[in-house]
Amino acid sequence: QLVESGGGLVQAGGSLNLSCAASGRTLSTERMGWFREAPGKDRDFVAAISWSGNRPGYTDSVLGRFTISRDKPKNMVYLEMNNLKPEDTAVYYCAATTEYQFGGPSSVNYWGKGTLVTVSS
């Protein structure tokens, strides 16, 4: 099970921190990540990290602004989001895959229910 928290409303240029609590079979996966789905758009990859803490990866649009991290003893994954832009507005989903890399939504084995991030201009 994956449970997200930390979404909300923020002004452009502001910051938010998302958290994802992992439990059960999700703890046996290889890699954790975040996807987002804006209104009327596809669900897209945002960032990922392995449970070992290696190989962080980001989509180009968030490089330098978002940071993914994990706390393995606490079974938590975090997404620190800075300098937020209105185009970052979306529902953010925590995800887990048993594969070496996320290959898109079809590679996800487990999804959280999502948390809404709204960035006002």
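So, here's what we can say about the structure. All residue numbers here refer to positions counted from 1 along the written sequence of the relevant chain. Since the coordinates come from a predicted model, pLDDT governs what is reported: local features require at least 70, and pairs of side-chain atoms require 80 or more to be given and counted, while whole-chain, interface and lining totals use all residues. Calculated side-chain values reflect all of the structure's heavy atoms, with hydrogen atoms and water omitted.

The numbering of helices and of strands both runs from the N terminus, where a helix is a DSSP run of H or I of at least 4 residues and a strand a run of E of at least 2. When its secondary structure is counted, the protein chain shows zero helices and eleven strands. Moving toward the C terminus, one meets the helices and strands of the protein chain in the order β-β-β-β-β-β-β-β-β-β-β. Since a compact globule built from 121 residues should have a radius of gyration of about 14 Å, the 13 Å found for the protein chain is in line with a globular shape. To sort residues, take the accessible area from a 1.4 Å probe on protein chains only and compare it with the maximum for the residue type: under 20% means buried, over 50% means exposed, and anything in between is partly exposed. For the protein chain, with 121 residues in total, the buried portion stands at 41%. The protein chains shown are the only cover counted for residues, whose accessible areas, like all others here, come from Shrake-Rupley with a 1.4 Å probe. For the protein chain, the computed accessible surface area is about 6200 Å², with 47% contributed by carbon and sulfur atoms. The size measure is the radius of gyration over C-alpha atoms, and the globule rule it meets is 2.2 Å times the number of residues to the 0.38 power.

A cavity here means a set of points on a 1 Å grid, drawn over the protein atoms and nothing else, where a 1.4 Å probe fits but cannot get out; a pocket is an open set with protein on both sides within 12 Å along at least five of seven lines, and a residue lines either one if it has an atom within 4 Å of a point. Grid points are joined across faces, edges and corners, and a volume is the space filled by probe spheres set on the points. Of the pockets and cavities examined, the largest pocket occupies roughly 190 Å³. Together, 14 residues line the largest pocket, and Arg36, Ala38, Lys41, Asp44 and Glu87 are the ones closest to its centre. At the level of secondary structure, the elements contributing two or more residues to the lining of the largest pocket comprise strand E4 (31-37) and strand E5 (43-50). Think of it as three bins: nonpolar holds Ala, Val, Leu, Ile, Met, Phe, Trp, Tyr, Cys and Pro, charged holds Asp, Glu, Lys and Arg, and polar takes everything else, Gly as well. Grouping the amino acids of the lining of the largest pocket by side-chain chemistry returns five nonpolar, three polar and six charged.

Let's shift gears to the sheet that holds strand E8 (residues 76-81). Pairing is antiparallel across the open sheet formed by four strands, whose spatial order is E1-E3-E8-E7. What marks the edges here is a single partner per strand, and that holds for strand E1 (2-5) and strand E7 (66-71). Pairwise comparison of adjacent strand axes, ignoring direction, gives a mean angle of 15 degrees for this sheet. Two strands are said to pair when DSSP picks up at least two bridges between them. Under this scheme, a helix contributes an axis fitted over its contacting stretch, all axes are lines through C-alpha atoms, and angles between N-to-C directions fall in the 0 to 180 degree range.

Looking now at the pairing of strand E11 (residues 115-120). Judged by which residues are buried, E11 turns out to be one-sided: Thr115, Val117 and Val119 face inward and are buried, whereas Leu116, Thr118 and Ser120, on the alternate face, are not. Pairing of strand E2 (residues 8-11) with E11, which is carried by four bridges, proceeds in the parallel orientation. In the sheet register, glycine 8 faces E11, and the bridge partner there is valine 117. The pairing of strand E9 (residues 90-97) with E11 spans three bridges and is classified as antiparallel. Each residue of the ladder has a partner; that of alanine 90, found in E11, is valine 117.

Once that is clear, we can look at the side chain of arginine 36. You can see arginine 36 is positioned in strand E4. In protein, a polar contact means a hydrogen-donor-capable atom and an acceptor-capable atom, both N or O and within 3.5 Å, with residues adjacent in sequence counting only if both atoms are side-chain atoms; elsewhere, any N or O pair within 3.5 Å suffices. Side chain to side chain, arginine 36 and aspartate 88 meet in a polar contact 2.9 Å long. A distance of 2.9 Å separates a polar atom in the side chain of arginine 36 from a polar atom in the side chain of tyrosine 92.

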